[in-house]
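Now for the letters of each chain:
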Amino acid sequence: MTDALRELLRAAPEAAGARLPASRVLAEELSVSRMTVTSAYDQLVAEGYLVTRRGGGTYVARELPHLAPPAPTPRKAPEPPRPWLPFQPGLPDQSLFPHRIWARHLERVWRQPDPALLDRPDSFGWPALRAAIASHLSAWRGLDCTPEQVLITGGASDGFDLIGRALLPAGARMAIEDPGWATLEHTLRGIGIAPVALRVDSEGLDPTRLPEDCAAVNVTPSRHYPTGVAMPLARRLALLDWAHRASALIIEDDYDSEFRYQGQPLPALAGLDGLQRVIYMGSFSKLLSPALRIGYLVVPEALIEKLRATLSVTGSRASLVPQPALAAFMASGEFATHLRRMRRTYARRQAHLLEALTPLSECLDLAPDPSGMHLCIDLRPALGVRITDAEISRRAAADGLTLRALSSHSVLPEPPQGLLFGYAGFTESQLSAAAARLCDLLAPLCAGPA
Ligand SMILES: Cc1ncc(COP(=O)(O)O)c(C=O)c1O
């Protein structure tokens, strides 16, 4: 009734100021309940189409709110999401995510939520998840910490944002690895932290090159992103030395160390330091799914209060909805089972990819990697003298392949050349087909005149 009356008023501007029938009369005329009429009148009074006058009566407003309905704005049809293409790096195979188990945990938690879930949340995150992460780190990363030191974030980039805002002075300088993770550079600039790029070598970041005036350094010591090199013990110790001398923080981004195919995962740097100057950073984006948007920081005890003070103003970082389900998933052992399964799958995929690329062994320096989700492969001179990694990447994109150039992860001049082959998120047959396409693209280049 409200809609019909509104349309009527819009269509008859000459009715402005006219008195409407009393609700009882109109209800009788239309054979509807009086309540239907009064609620339509009330709604249209609230919208400004009708007015009531002291002494009684409902009238059509002299100025109707919008007599002409707004012209529909032409809308472009939304673009359909573009699927991931091989060799997109850093992508877990989400079709192997244990959706059913996950749904069962979510349903169990939220069908009858623990009253604490409906109360004021702890700004560091759901306590059971923090405890589950602490025991995961002890078992998988050789890192001893208490659940109180674990802070749940909306992922690694969100963790950097929090560290920058809560723990570093405005305009502080943070040393970062080059090549490195482009998102980090972007995040730091966005919060007024000046990134200081340092070129890494075959042992990762060289601590002797760290400027004393940096308030922090970001490293990926277990597996440098994106080259995959591990930082040896001597450098780790030198890095800790520098941090103590410069009173600086080390942020250890440990994004996929669980996927190690030979030997034990290298222990976390934070464990060497007893969590004094190192903030350890983890994420479920690669271990489970980037759609979760859940990561965490493990922070030195001395920093807990400062972080709590910032979070008391901004609120907690991550949605509480998935946290109890993730805690149950981890505590039940299903998470560890999933990681072991994915580790086996990814190891097979890496070996399969290397095999599929063997026709290119004159062009690419093919070698297995003991860990990770992508291979960072150097160009052999036969290819490197003829074409840059960026040009290969561009031509591969035109051929429907995502082949990231190593140089695109660098901001310093004369970046190293190489190609990133993500294999974790693709089946063996997808990898074979993509490798065959790449062979067609690169083999003639290698064979042609220099
Ligand atoms: C080096 C590195 N660290 C951490 C992450 C995880 O980021 P997030 O948790 O924000 O998804 C990524 C993801 O691509 C990464 O490449």
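Residues numbered from 1 in each chain as written. Predicted model: local features only at pLDDT ≥ 70, side-chain atom pairs only at ≥ 80, totals over all residues. Heavy atoms only, no water.

Re a nonpolar patch on the surface
Here's step 1: On the surface, Met-1, Leu-30 and Val-32 cluster together to form a nonpolar patch covering roughly 220 Å² of accessible area.
Here's step 2: Position of Leu-30 among the secondary structure elements: in helix H2 (residues 23-30). (Patch = residues over 30% accessible without salt bridge, like charges linked within 9 Å, V, L, I, M, F, W, Y side chains within 5 Å. Areas by Shrake-Rupley, 256 points an atom, 1.4 Å probe, with all protein chains shown as cover. Salt bridge = Lys/Arg side-chain N within 4 Å of Asp/Glu carboxyl O. Helix = DSSP H or I, 4+ residues; strand = E, 2+ residues; numbered from the N terminus.)

So, the side chain of Ser-123
Here's step 1: In this fold, Ser-123 is placed in the loop between helix H4 (99-111) and helix H5 (127-141).
Here's step 2: A distance of 3.4 Å separates a polar atom in the side chain of Ser-123 from a polar atom in the side chain of Arg-308.
Here's step 3: Ignoring any residue separated from it by four or fewer positions in sequence, one finds Ser-123 in contact with Arg-308, Leu-311 and Ser-316. (Polar contact = N/O pair within 3.5 Å; in protein donor to acceptor, adjacent residues only side chain to side chain. Contact = heavy atoms within 4.5 Å.)

Digging into the site of the ligand
Here's step 1: Taken together, Gly-155, Ala-156, Ser-157, Trp-181, Tyr-225, Asp-253, Tyr-255, Ser-283, Ser-285, Lys-286 and Arg-293 make up all the residues around the ligand.
Here's step 2: Between an oxygen atom of the ligand and a side-chain N or O atom of Ser-157, the distance comes to 3.2 Å.
Here's step 3: Ser-283 has a polar side-chain atom sitting 2.7 Å from an oxygen atom of the ligand.
Here's step 4: Within the complex, 89% of the 400 Å² of free accessible area of the ligand lies under protein.
Here's step 5: Counting atoms within 2 Å of the grid points, the majority share of the ligand lands in the largest pocket. (Near = heavy atom within 4 Å. 1 Å grid on protein atoms, 1.4 Å probe; cavity = no way out; pocket = protein on both sides within 12 Å on 5 of 7 lines; lining within 4 Å. Sits in = over half its atoms within 2 Å of the grid points.)

Some words on the state of the cysteines
Here's step 1: Tallied over the full model, the rule gives one disulfide.
Here's step 2: Free of any disulfide, Cys-439 has its nearest cysteine sulfur in Cys-363, 8.4 Å distant.
Here's step 3: Since its relative accessible area comes to 10%, Cys-439 is described here as buried. (Disulfide = S-S within 2.5 Å. Buried < 20%, exposed > 50% of the residue type's maximum accessible area, 1.4 Å probe, protein only.)

Concerning the domain arrangement of the chain
Here's step 1: Taken domain by domain, the chain consists of domain 1 (2-60), domain 2 (94-335) and domain 3 (346-447).
Here's step 2: Centre-to-centre separation of domain 1 and domain 3, based on C-alpha positions: 71 Å. (Domains from an automatic or database assignment.)

What to know about the pattern of salt bridges
Here's step 1: All chains considered together, the criterion is met by 24 salt bridges.
Here's step 2: The closest approach of N and O atoms between Arg-6 and Glu-47, which form a salt bridge, is 2.8 Å. Taken as a pair, Arg-6 in helix H1 (residues 2-11) and Glu-47 in helix H3 (residues 34-47) lie far apart in primary sequence, 41 residues in all.
Here's step 3: For Arg-6, a relative accessible area of 14% puts it in the buried group.
Here's step 4: Note on Glu-47: relative accessible area 28%, which makes it partly exposed.
Here's step 5: Note that Glu-334 and Arg-104 form a salt bridge whose closest N and O atoms lie 3.1 Å from each other. Taken together, the residues span a long stretch of sequence, with Glu-334 in helix H12 (residues 334-357) and Arg-104 in helix H4 at a distance of 230 residues.

Structural notes on the layout of surface pockets
Here's step 1: There is about 620 Å³ of room inside the largest pocket.
Here's step 2: Considering the residues around the largest pocket, the lining is formed by 27 residues, among which Gly-90, Trp-181, Thr-183, Tyr-225 and Lys-286 are closest to the centre.
Here's step 3: Of all elements in the fold, only helix H6 (156-167), strand S4 (173-178) and helix H7 (182-190) reach the threshold of two or more residues within the lining of the largest pocket.
Here's step 4: Examining the composition of the lining of the largest pocket, we find that three residues originate from one element, H7, more than from any other.
Here's step 5: In terms of residue class, the lining of the largest pocket is made up of eleven nonpolar, eleven polar and five charged.
Here's step 6: As a volume, the second largest pocket reaches approximately 390 Å³.
Here's step 7: For the second largest pocket, the lining is made up of 18 residues, of which Thr-227, Val-229, Cys-376, Ile-377 and Asp-378 are closest to its centre.
Here's step 8: In terms of residue class, the lining of the second largest pocket is made up of eleven nonpolar, three polar and four charged.
Here's step 9: In this structure, the lining of the second largest pocket is formed jointly by two domains, domain 2 (94-335) and domain 3 (346-447), each of which donates at least three residues. (Points joined across faces, edges and corners; volume = space filled by probe spheres on them. Nonpolar A, V, L, I, M, F, W, Y, C, P; charged D, E, K, R; others polar.)

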